[in-house]
Amino acid sequence: MKPLAERLRPRTLDEYIGQEHLVGPGAVLRQSIGSGNIPSMIFWGPPGVGKTTLASIIAQNLERPFHTLSAINSGVKDIREVITKAKSQHFFDRPNPILFIDEIHRFSKSQQDSLLGAVEKGVITLIGATTENPSFEVIPALLSRCQVYILQHLEVHHLDQLLERALTEDEFLKSKKITVTEKEALFRISGGDARKLYNALELAIQYFGEEEVIINNENLPKIIQQNIPIYDKGGEMHYDVISAFIKSVRGSDPNAALYYLAKMLKGGEDIKFIGRRMIILASEDIGLANPNALLMANSAFQAIQAIGMPEARIILSQAVIYLACSPKSNSAYAAIASAYQAVDEYGHLPVPLAIRNAPTKLMKDLNYGANYKYAHQFENNFADMEFLPEEMSGSSFYKPASNASEERFRKSLRELWKDKYEL
């Protein structure tokens, strides 16, 4: 038997629940579908909100050939085969076929490039689905040819409609005695994801077997906990594991960090997501204690995109061990936070005249750049002058941390600035 989510998949816009801002009466996408003239588009939103379903409904509504590819297991060869097939379906005035690509953010640059010509010439109408920001994950040339539509988490009233539909329309569920006394836990577990809602409902039915199914706030979390997946890259586990990973690196424990890295990789986590988090971590938690950490993290990010899995796991392992074993400092993170706070407190104070740019005679006459001391003309390439606005003179944002690298910074700054700044 098909999963409940598949059995209840909507087939028309009237059956579709949620995303009223796109497909509700008078909404932009509904009007486009009604006109029969749709652009290539990208659906950006969290899992389980109806991206795939909406693409299928559009194809059915417009009576167009519908081809699907998954970026996880499709390559350039598969794309070319679909495009060739789409070309063969072009005859008379028949509208061009729709190519739906799930998780398009996982396509490499070369894979995305292979789509450009067909999209540009109208051989296909592309509909891509992504859980990641397309501005970062889709090449500009392809993104410029697509309309981006943002899909949102389903609200409680949407989940309520989905639950009611399941209990009243699905033939298998109608044959069972199901009593829902409380819905809060069910809706909380779903997290605005229709697929998770239906999966939780099916787990509850399996748990009770032939007995009456009782769903309430007490028993449902226990049932789900017994069947929770090892790693759910789209749900709460996703955030828990990446949090544990970051805290393990920050805590200088390479063994724990490697365990959580393996957990994410085995669960199918996007390696670029892991790589981006490592770049942030390299600055936020290691920073000036070991400036090479940022170079390592960035190099690893570039390398994993070029290599891909499964070999990317080795590159990530090397980078993770290096980051975990590096000395730690959050002084750069704290410094910019302190500077932000100063801007909020003092507002946008004028730049001191001495360090203003003076490209015109009028500006020079107004003393722009007057009395500026060019550091390289002085001993040790340092000139003692005021760079901050007068009201903020002596404000100290950067506090060197206690590590070998920043102790050298502290000593150097004290020699230059004496007691001006708190170091």
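So, a few notes on the structure that sits alongside this text. (Residues numbered from 1 in each chain as written. Predicted model: local features only at pLDDT ≥ 70, side-chain atom pairs only at ≥ 80, totals over all residues. Heavy atoms only, no water.)

What to know about the sheet that holds strand S2 (residues 66-70)
Strands sit in the order S2-S3-S4-S1-S5 across an open sheet of five strands; the sheet is parallel. Two strands bound the open sheet, and with one partner strand each, they are S2 and strand S5 (147-150). Averaged over all pairs of adjacent strands, the angle between their axes in this sheet comes to 20 degrees, without regard to strand direction. Two elements, strand S1 (residues 41-44) and strand S4 (residues 125-130), share four bridges in a ladder whose sense is parallel. Across the sheet, Trp44 pairs through a bridge with Thr130, a residue of S4. In this fold helix H4 (residues 51-62) packs onto S1, S2, strand S3 (98-102) and S4, with an angle of close to 175 degrees to the strand it touches most, S3. (Pairing = 2+ DSSP bridges. Helix = DSSP H or I, 4+ residues; strand = E, 2+ residues; numbered from the N terminus. Axes fitted to C-alpha atoms, helices over the stretch in contact; angles between N-to-C directions. Contact = heavy atoms within 4.5 Å.)

A closer look at the pairing of S2
Across the two faces of S2 the burial differs, with His67 and Leu69 buried and Phe66, Thr68 and Ser70 not buried at all. Pairing between S2 and S3: five bridges, direction parallel. In the strand pairing of S3, Phe66 is matched with Ile98. (Buried < 20%, exposed > 50% of the residue type's maximum accessible area, 1.4 Å probe, protein only.)

Examining unusual backbone geometry
With an omega of 10 degrees, the peptide bond between Met309 and Pro310 qualifies as cis. Along the chain, Pro310 falls in the loop between helix H17 (292-307) and helix H18 (312-325). For Glu63, which is not glycine, the phi dihedral falls at a positive 55 degrees. By the secondary structure assignment, Glu63 is in the loop between H4 and S2. Here Glu63 falls in the exposed class, since its relative accessible area comes to 68%. We note that Ser252 has phi near 60 degrees; this positive angle belongs to a residue other than glycine. With respect to the element layout, Ser252 can be found in the loop between helix H14 (236-250) and helix H15 (254-266). For Ser252, a relative accessible area of 38% translates into the label partly exposed.

Here's the deal with the pattern of salt bridges
Applying the stated criterion across every chain, the model contains 20 salt bridges. Linking Glu137 and Lys272 is a salt bridge whose minimum nitrogen-to-oxygen distance equals 2.8 Å. Here Glu137 is found in helix H7 (residues 134-137), whereas its partner Lys272 is found in helix H16 (residues 271-286), with 135 residues between them in sequence. Classification of Glu137 as buried rests on a relative accessible area of 7%. With a relative accessible area of 13%, Lys272 lands in the buried category. Between Asp285 and Arg250 there is a salt bridge, with the nearest N and O atoms lying 2.8 Å from each other. (Salt bridge = Lys/Arg side-chain N within 4 Å of Asp/Glu carboxyl O.)

Some thoughts on helix H19 (residues 331-346)
Taking 1.5 Å of rise per residue, 16 residues should cover 22 Å, and H19 covers 22 Å from first to last C-alpha, within 8% of that figure. Considered for burial, the residues of H19 that qualify are Ser331, Ala335 and Ala342. The buried residues of H19 occupy an angular sector of 40 degrees when the element is viewed end-on, so they sit on one face. Counted as exposed and oriented over 90 degrees from the buried face of H19: Tyr340, Gln341 and Asp344. (Expected span 1.5 Å × (residues − 1). Arc of directions from axis to C-beta.)

Some details on the packing of helix H9 (residues 156-169) against helix H12 (residues 194-208)
One way to put it is that H9 packs onto H12 with a least axis distance of 10 Å and a crossing angle of 45 degrees. As far as their axial angle goes, H12 and H9 are oblique. For the pair H9 and H12, the crossing hand works out as right-handed. Contact with H9, carried on its side by Leu159, Leu162, Leu163 and Ala166, involves Ala194, Leu197, Tyr198 and Leu201 of H12 and no other residues of that element. A per-class count over the contact of H9 with H12 returns eight nonpolar, no polar and no charged. (Parallel < 35°, antiparallel > 145°, perpendicular 65-115°, else oblique. Left-handed = near helix turned anticlockwise from the far one by under 90°. Nonpolar A, V, L, I, M, F, W, Y, C, P; charged D, E, K, R; others polar.)

Observations regarding the environment of Ala337
Tracing the sequence through the fold places Ala337 in helix H19. Along the chain, Ala337 and Tyr398 lie 61 residues apart, while their C-alpha atoms are 9.9 Å from each other.

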